[in-house]
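Descriptive analysis of the structure
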Amino acid sequence: ITFTILTTVALLPKVDLYYKLEEVLKKESIILSNERPSDKIFLFTLKDISLLYDDIAVADISKTSLLPLIFYNRLTIENIKLDKSIKIFFPEKIDKAIFTYSIADPLNIHLSSSGIFGKVIGTLNLKTRKLHILLTPSANMKKNYANTLSMMKSKNGQYIYDKAL
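What counts as what
- Residues numbered from 1 in each chain as written.
- Predicted model: local features only at pLDDT ≥ 70, side-chain atom pairs only at ≥ 80, totals over all residues.
- Heavy atoms only, no water.
- Helix = DSSP H or I, 4+ residues; strand = E, 2+ residues; numbered from the N terminus.
- Expected span 1.5 Å × (residues − 1).
- Buried < 20%, exposed > 50% of the residue type's maximum accessible area, 1.4 Å probe, protein only.
- Arc of directions from axis to C-beta.
- Patch = residues over 30% accessible without salt bridge, like charges linked within 9 Å, V, L, I, M, F, W, Y side chains within 5 Å.
- Areas by Shrake-Rupley, 256 points an atom, 1.4 Å probe, with all protein chains shown as cover.
- Salt bridge = Lys/Arg side-chain N within 4 Å of Asp/Glu carboxyl O.
- Phe/Tyr/Trp six-rings, centres within 6.5 Å; stacked < 30°, edge-to-face > 60°.

1. Details of helix H2 (residues 14-27)
The terminal C-alpha atoms of H2 lie 20 Å apart, and with 14 residues this matches the ideal 20 Å at 1.5 Å per residue to within 8%. For H2, the set of buried residues is Lys-14, Tyr-18 and Glu-22. Buried residues along H2 cover an arc of 95° about the axis, so they all sit on one side. For H2, the exposed residues set more than 90 degrees away from the buried face come down to Asp-16, Lys-20 and Lys-27.

2. Topic: a nonpolar patch on the surface
Taken together, the side chains of Ile-70, Phe-71, Tyr-72 and Ile-103 present a nonpolar region at the surface, about 360 Å² in accessible area. As for its position among the elements, Phe-71 is in the loop between strand S4 (56-68) and strand S5 (72-82).

3. Looking at unusual backbone geometry
A positive phi angle, near 55°, is found at Asp-48, a position not held by glycine. Along the chain, Asp-48 turns up in strand S3 (residues 44-53). A positive phi angle, near 55°, is found at Asn-79, a position not held by glycine. By secondary structure assignment, the location of Asn-79 is in strand S5.

4. Notes on the packing of aromatic side chains
Each pair of aromatic rings is reported with the distance of its centres and the angle of its planes. Across all of its chains, the model carries three aromatic pairs by this definition. Between Tyr-18 and Tyr-19, the aromatic rings sit 5.4 Å apart at their centres with planes inclined by 55°, giving tilted as the arrangement. According to the relative accessible area criterion, Tyr-18 is buried, its value standing at 5%. Note on Tyr-19: relative accessible area 37%, which makes it partly exposed. Centroid distance Phe-90 to Phe-117: 5.1 Å. Interplanar angle 35°. Geometry classified as tilted. Placement of the pair is Phe-90 in the loop between S5 and strand S6 (93-102) and Phe-117 in the loop between strand S7 (108-115) and strand S8 (118-125), with a sequence separation of 27 residues. Per residue, the accessibility class of Phe-90 equals that of Phe-117, and both read buried.

5. Examining the environment of Ile-80
Assignment of secondary structure puts Ile-80 in strand S5. The sequence separation of Ile-80 and Ala-97 amounts to 17 residues, and the corresponding C-alpha distance is 8.6 Å.

If you want it as structure tokens, here you go:
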């Protein structure tokens, strides 16, 4: 059974599936442009992505990689540079963001991220559609983005963001 699963993942037309995803995202006003897709046996990678929402530049992303193993999936996004218009709310550089999904915890997508803002861990509950984020802010975040932090609950030096999607 393991061989069948690995063979299926290896033979998936990942680039074609990505272009279908782009069509879905476009309906939500999310555009990925200038990207260079690459399909390895088990890993799908995009490089040099420009992200736009509603025709407004949001971020430039150096590299995104997806490891789709059916029982365990991991999306890694590296070197995210947010547009200058977002800089008033949040530091413009995010080093890495990782999203994982596993059948061991089928109702949640787990996330972690790090950058000059500090560190983030969180979950997105797929059943309740609730996002829960716990931010451990850096000194830079505390000093330069106090307004953003004031919109979150504070507990033991960490900041909590909860949102129903």
